[in-house]
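Given next are the chains, with one letter for each unit.
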Amino acid sequence: LCWALSLLTIFFLTVFPKPSKNETKLSDAEQFCLKLLLVPNIETRMNSYLLKFTMRSQFDDLKAVIDAHTLGICGIKMSRTFLTLLRGTLVLGNYMNYGGRLGGAAGFRLNLLPKLQDVRCSDGSNSSLLEYLVKRIVKATGADSKSLREEIPQLASKEIKVPLQDVVASLNNIENALSDAKYDVDS
């Protein structure tokens with residue numbers, strides 16, 4: 001709405017820099033826009049109204065993302081299947097590091113776990129080390145592969161796919177918009 005008003009402002013100020021007789025040839029909507037331009041600080045006011053009417057929905061969306069992440073973390077903490085998979089990964093890391101240049105290093109660092117997805121199998125199955133590891137652990141423990149999805153259904157929500165960095169960036173944008181609106185109102 002505000003960007004459209006800004007474009008209309010630029011257009012009307014270039015076409016009609018001063019009121020003239022040509023205004024009577026305009027349609028009702030165009031005359032309305034011209035009258036809006038006569039309101040002092042219309043752009044600032046429209047930006048403030050836009051912020052006022054959209055901020056609640058933006059906060060609700062961000063709150064839903066944060067709640068989904070919180071529920072996902074709680075679900076992972078309480079998940080027995082995830083704990084079993086993590087324990088199996090630690091055992092594999094201990095086995096792979098035994099006697100190597102790292103000596104008796106224990107397991108993987110958690111930030112290296114995504115790299116297990118990058119290590120591919122050479123038998124043409126195109127599966128990763130992580131997939132292989134999960135299959136073997138699930139087979140060894142007798143748990144079915146669907147149990148993790150059933151145990152933590154929060155991880156399937158669309159909100160969990162939004163990175164928390166995007167939430168922080170959105171909050172910063174809202175904060176900047178509020179400070180800009182406050183500055184515009186004060187001046």
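Remember, predicted model here, so these are calculated numbers, not experimental data.

S.K.: Can you lay out the nonpolar core for me, pointing to particular residues and giving the numbers?
M.R.: Grouped together as the largest cluster of nonpolar side chains are seven residues: Leu51, Met55, Leu62, Val65, Val167, Ile174 and Ala181. Among the secondary structure elements, those contributing two or more residues to this core are α3 (42-78) and α7 (164-186). With residues up to four places along the chain from it excluded, the contact list for Leu62 reads Val167, Ser170, Leu171 and Ile174. Counting residues in hydrophobic clusters, the runner-up holds six residues, among them Leu85, Leu116, Leu133 and Val138.

S.K.: Describe the packing of α3 against α7, with residues and values.
M.R.: One way to put it is that α3 packs onto α7 with a least axis distance of 10 Å and a crossing angle of 155°. Between α3 and α7, the angle falls in the class roughly antiparallel. The handedness of the crossing between α3 and α7 comes out as left-handed. Contacts between α3 and α7 pair Thr44, Ser48, Leu51, Met55, Gln58, Phe59, Leu62, Val65, Ile66 and His69 from the former with Leu164, Val167, Ser170, Leu171, Ile174, Ala177, Leu178, Ala181, Asp184 and Val185 from the latter. The class makeup of the residues in the contact of α3 with α7 is 14 nonpolar, five polar and one charged.

S.K.: Run through the packing of aromatic side chains, naming residues and quoting values.
M.R.: Summed over all chains, the structure comprises one aromatic pair. Ring centres of Tyr49 and Phe53 lie 6.3 Å apart, and the angle between their planes is 15°; this geometry places the pair in the stacked category. On the criterion of helical spacing, the pair formed by Tyr49 and Phe53 is a turn pair, its members being four residues apart in helix α3. By relative accessible area, Tyr49 is classed as partly exposed at 46%. Given a relative accessible area of 60%, Phe53 falls into the exposed group.

About the cut-offs
- Residues numbered from 1 in each chain as written.
- Predicted model: local features only at pLDDT ≥ 70, side-chain atom pairs only at ≥ 80, totals over all residues.
- Heavy atoms only, no water.
- Core = buried A, V, L, I, M, F, W, Y, C linked by side-chain atoms within 4.5 Å.
- Buried < 20%, exposed > 50% of the residue type's maximum accessible area, 1.4 Å probe, protein only.
- Helix = DSSP H or I, 4+ residues; strand = E, 2+ residues; numbered from the N terminus.
- Contact = heavy atoms within 4.5 Å.
- Axes fitted to C-alpha atoms, helices over the stretch in contact; angles between N-to-C directions.
- Parallel < 35°, antiparallel > 145°, perpendicular 65-115°, else oblique.
- Left-handed = near helix turned anticlockwise from the far one by under 90°.
- Nonpolar A, V, L, I, M, F, W, Y, C, P; charged D, E, K, R; others polar.
- Phe/Tyr/Trp six-rings, centres within 6.5 Å; stacked < 30°, edge-to-face > 60°.

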